[in-house]
Amino acid sequence: MLLQFVQKLISRNALPQNILLGSVLSKEQETQYQQYMAIHSKMWHLGMLGFILIFQVFNISFVLFYTQGCLHTTPSRIYMALYLFLMASAILSLCLYILFSRQLPEKSKCLLRSEQIFQMTFLLWAVLITAYDQRVSENINVYLIAALTTSFLGILQPSQAWVTYGTAQVLLMVLMPVFQPAGTDNYGSWLNLLVVNAASIMLVFFRAYFDRLAFRDRERILHQNELLYQLAHYDTLTGAWSRRFLTSRLPQIFHHAVQTHSWLSLFMLDVDDFKRYNDQFGHQKGDVCLKQVAEALQQCLQEDQYLIRYGGEEFLCVIEGLDQAAALELGEKFCRHIRDLQLPGPMPQHSSYLSISVGICCQVPVDGQEWEQLLHHADRALYLAKNRGKNQVVCAWLEPEEAD
C-alpha cells in the first residue's frame, strides 16, 4: 500500500520524479549549494555540539559521583568509556569545524563531511548506549531521540540516511537480545525503532529536497534581481552606466568628496558630428560606433571610475581623486583613444577619423554646493570645446566661490 501511495503521488506530480533521481540541482548548482550549506548549517551543528558536550559533562560527573570516582564496576567503566568517546568525537568535530570554516568556500565539502561523520558517530553511540541499557531496562529513548535529532537538525543526505539508519536498525536488532534477559519480547521495541528510522529517513529526504528547492529558487530570485538592476542602471547598447545610476550614485560620490576634501572631476564627452555620421552611414552603424566609443573610453578608466551614457552620443565620466593636471591628462587620453580607433568620420569634416570633444569641471567641492553645479560647468566646458573646433579638451578649474 505504501508503494502504491508513492507511485500515486509521482503520477500526480505531487512528488516529481526528479526528486528520486537527485536532479533538483545541476552539478554547478550542487557545488554552490554545498558552499551555502557549509556557511548556514553552523548554527544547527554548533548547537548540537554544545548540547552534547554539556550533556556528556553531566553524564561523566554523574558516573564519577555515583561511583565516588572509583569506577569499580564493569558497567560504570563501559558507560564512562562511551561518554568519553562521544565527548572526544564532539571536541574533534568542533576543532575540524574551526579549521575548515576559516577556509570557506574552498573547504565547504570537507566541512560538511566532518559534520555528517559526527552525526553518524552520534547515532552509533546511541545504538551502543541503547543496546547496553537493555541489561536493566527495555528503554530505547536514547536512540529514538538521537535519530530524530540528527534527521531534523543534521545535514545527512538521503543516501547516507538509508545506510546510517538502516545499519542502526540492524545493529539494535542484533545487539539488544545479547544484553537482555532471556525471553524478552522485543516486538514493540523493534516496531518503534522501524517506525522512527523510517520517519527519520523520510525527514532527511524531504529536508534535503526542499532545502535544495529553496536554494534554487533563491538563486533564481538573486539572478533576476541582478538582471533588473542591470536593466535599470546599465545602458544596454554601450554597457556604460545609465542616467538612473547618475541620479542615485553621483550624489553619494559628491558627498564623499565633500567630507574627505577630495578632488572631484566630471568629464562631459560628446562624439563630434554624430548626427551627420548617422545620416551618412545609417543608424545601425551609428549604434556600433557608440559601442566602440564606450569600450575605448572604458579602457582608460579604473575599476572605481564611472562612465555614464548621458544621452544620445554624449557620455559623462565621474572620477574622485584626480587633480587638475591628472584630469587634463585623462581628457587628452580619451580623445587619443577615440582617434586611435580610426573609425571613418562623416564628410566633410576637419579630420578623416571620428573624434570626440571633452569638457571637464575639476574642483574640491565644499559644503553648500550641489553636484548639479559641477555638471553645469562641465557642460559649459564641452560647449566651448565644440565652438573652438571640436576634437579637443576644455577644462574649468573652479574655486569654491566660482561654483556658486
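Data block above holds the structure.
Reading guide: rules and limits
- Chains are numbered independently. Their residues run from 1 in the order of the written sequence.
- Given that the model is predicted, a residue must reach a pLDDT of at least 70 before its local features are reported, and side-chain atom pairs must reach 80 or more before they are shown or counted; all residues, however, enter totals for whole chains, interfaces and linings.
- Remark: hydrogens and water are excluded; side-chain values derive from all non-hydrogen atoms of the structure.
- Runs of H or I in DSSP of at least four residues are treated as helices and runs of E of at least two as strands, each being numbered from the N terminus.
- Atoms considered for the radius of gyration are the C-alpha atoms alone. The globule rule reads 2.2 Å times the number of residues to the power 0.38.
- For the exposure calls, accessible area comes from a 1.4 Å probe over protein chains only, and a residue counts as buried if that area is under 20% of its type's maximum, exposed if over 50%, partly exposed in between.
- The contact definition used throughout considers only heavy atoms, calling two residues in contact when any of these lie within 4.5 Å.
- The Shrake-Rupley method, run with a 1.4 Å probe, gives the accessible areas here. Residue values count only the displayed protein chains as cover.
- Under the convention used here, Asp and Glu are negative, Lys and Arg are positive, and both His and the chain ends fall outside the count.
- To locate a charge, take NZ of a lysine, CZ of an arginine, CG of an aspartate or CD of a glutamate.
- Grid points spaced at 1 Å over the protein atoms alone were grouped into cavities, where a 1.4 Å probe fits but cannot get out, and pockets, open sets with protein on both sides within 12 Å along at least five of seven lines, with lining residues defined by an atom within 4 Å of a point.
- Grid points are joined across faces, edges and corners, and a volume is the space filled by probe spheres set on the points.
- We define a salt bridge as a contact between a side-chain nitrogen of Lys or Arg and a carboxyl oxygen of Asp or Glu at a distance within 4 Å.
- To estimate how far a helix should reach, multiply one less than its number of residues by 1.5 Å.
- Residues belong to one nonpolar core when they are buried, are Ala, Val, Leu, Ile, Met, Phe, Trp, Tyr or Cys, and are joined through side-chain atoms within 4.5 Å.
- Between the N-to-C directions of two axes lies an angle of 0 to 180 degrees, each axis being a line fitted to C-alpha atoms and, for a helix, fitted only over the stretch in contact.
- Two helices that cross are described as forming a left-handed crossing if the nearer one is turned anticlockwise from the farther one by less than a right angle, and a right-handed crossing if clockwise.
- Between 30 and 60 degrees the pair is tilted, below 30 it is stacked and above 60 it is edge-to-face, where a pair is any two Phe, Tyr or Trp rings, Trp via its six-membered ring, whose centres lie within 6.5 Å.

Each helix and strand in the chain was counted, giving 14 helices and five strands. The C-alpha radius of gyration computed for the chain amounts to 36 Å, which surpasses the reference 22 Å derived for 404 residues by more than 25%, pointing to a less compact arrangement than a globule. Its C-alpha atoms give the chain principal-axis dimensions of roughly 110 × 55 × 35 Å. For the chain, the residues scored as buried account for 42% of the 404 residues in total. Taking the contacts inside the chain whose residues are at least 6 apart along the sequence as the reference set, 74% of them involve residues at least 24 apart. For the chain, the exposed surface amounts to about 22,200 Å²; the carbon and sulfur share of it is 60%. Computed over 30 positive and 35 negative side-chain charges, the inter-centroid distance for the chain is 11 Å.

Our focus in this paragraph is the layout of surface pockets. In this approach the atoms are scanned with a rolling probe the size of a water molecule, which exposes any empty space left behind. Considering only enclosed or pocket space, the largest pocket measures out at about 620 Å³ in volume. Together, 30 residues line the largest pocket, and F55, N59, Y83, W125 and V142 are the ones closest to its centre. When residues of the lining of the largest pocket are traced back to their parent elements, those giving at least two are α4 (42-66), α5 (74-101), α6 (108-133) and α7 (141-153). Looking at which element gives the most residues to the lining of the largest pocket, the answer is α4, with 13 residues.

Following the criterion strictly, the structure yields seven salt bridges and no others. The closest approach of N and O atoms between D211 and R207, which form a salt bridge, is 3.9 Å. Here D211 and its partner R207 are both found in helix α9 (residues 187-233), four residues apart, which amounts to about one turn of the helix. Of the residues examined, R207 reaches a relative accessible area of 16% and is grouped as buried. One salt-bridge network, in which partners are shared between bridges, spans D270, D272 and K386.

Take α5 next. Given a rise of 1.5 Å per residue, 28 residues ought to cover 40 Å, and the 40 Å separating the end C-alpha atoms of α5 matches this to within 8%. When we look at burial in α5, the residues that qualify are S76, Y79, M80, L82, Y83, L86, M87, S89, A90, S93, Y97 and F100. In the core, the buried residues of α5 are packed alongside α4 and α6.

With 26 residues, α6 extends 38 Å between its outermost C-alpha atoms, agreeing within 8% with the 38 Å of an ideal straight helix rising 1.5 Å per residue. Burial runs high along α6: 19 of the 26 residues are buried.

On to the nonpolar core. Of all hydrophobic cores here, the largest spans 36 residues; its most connected members are I52, Y83, F118, W125, Y143, Y165 and L193. At the level of elements, α4, α5, α6, α7, α8 (158-179) and α9 are the ones that each hand at least two residues to this core. Top contributing element to this core by residue count: α6, with eight residues. Aside from chain neighbours lying at most four places away, what touches Y143 is L123, A126, V127, T130, Y165, A168, L172, L193 and N197. In this structure, F274, C289, I356 and V393 belong to the second largest nonpolar core, which totals 31 residues.

Attention now moves to the environment of I52. Along the chain, I52 falls in helix α4. Relative accessible area serves as the criterion here: at 3%, I52 is assigned to the buried category. On a C-alpha basis, the gap between I52 and F210 in space is 27 Å, while along the polypeptide they are 158 residues apart. Contacts of I52, omitting those with residues within four sequence positions, involve L86, A90, F118 and F122.

Remark: α4 packs on α6, axes separated minimally by 12 Å, with the N-to-C direction vectors making an angle of 35°. In terms of crossing hand, the pair formed by α4 and α6 is left-handed. Across the interface between the two elements, H45, M48, L49, I52 and Q56 from α4 touch E115, F118, Q119, F122 and W125 from α6.

Quick look at the packing of aromatic side chains now. Tallied over the entire structure, the rule returns 16 aromatic pairs. Ring centres of Y79 and Y83 lie 6.1 Å apart, and the angle between their planes is 25°; on these two criteria the pair is classed as stacked. Here Y79 and its partner Y83 are both found in helix α5, four residues apart, which amounts to about one turn of the helix. Accessibility assignment for this pair places Y79 and Y83 in one class, buried. Ring geometry for F274 and Y277: centres 5.9 Å apart, planes at 5°, overall stacked.

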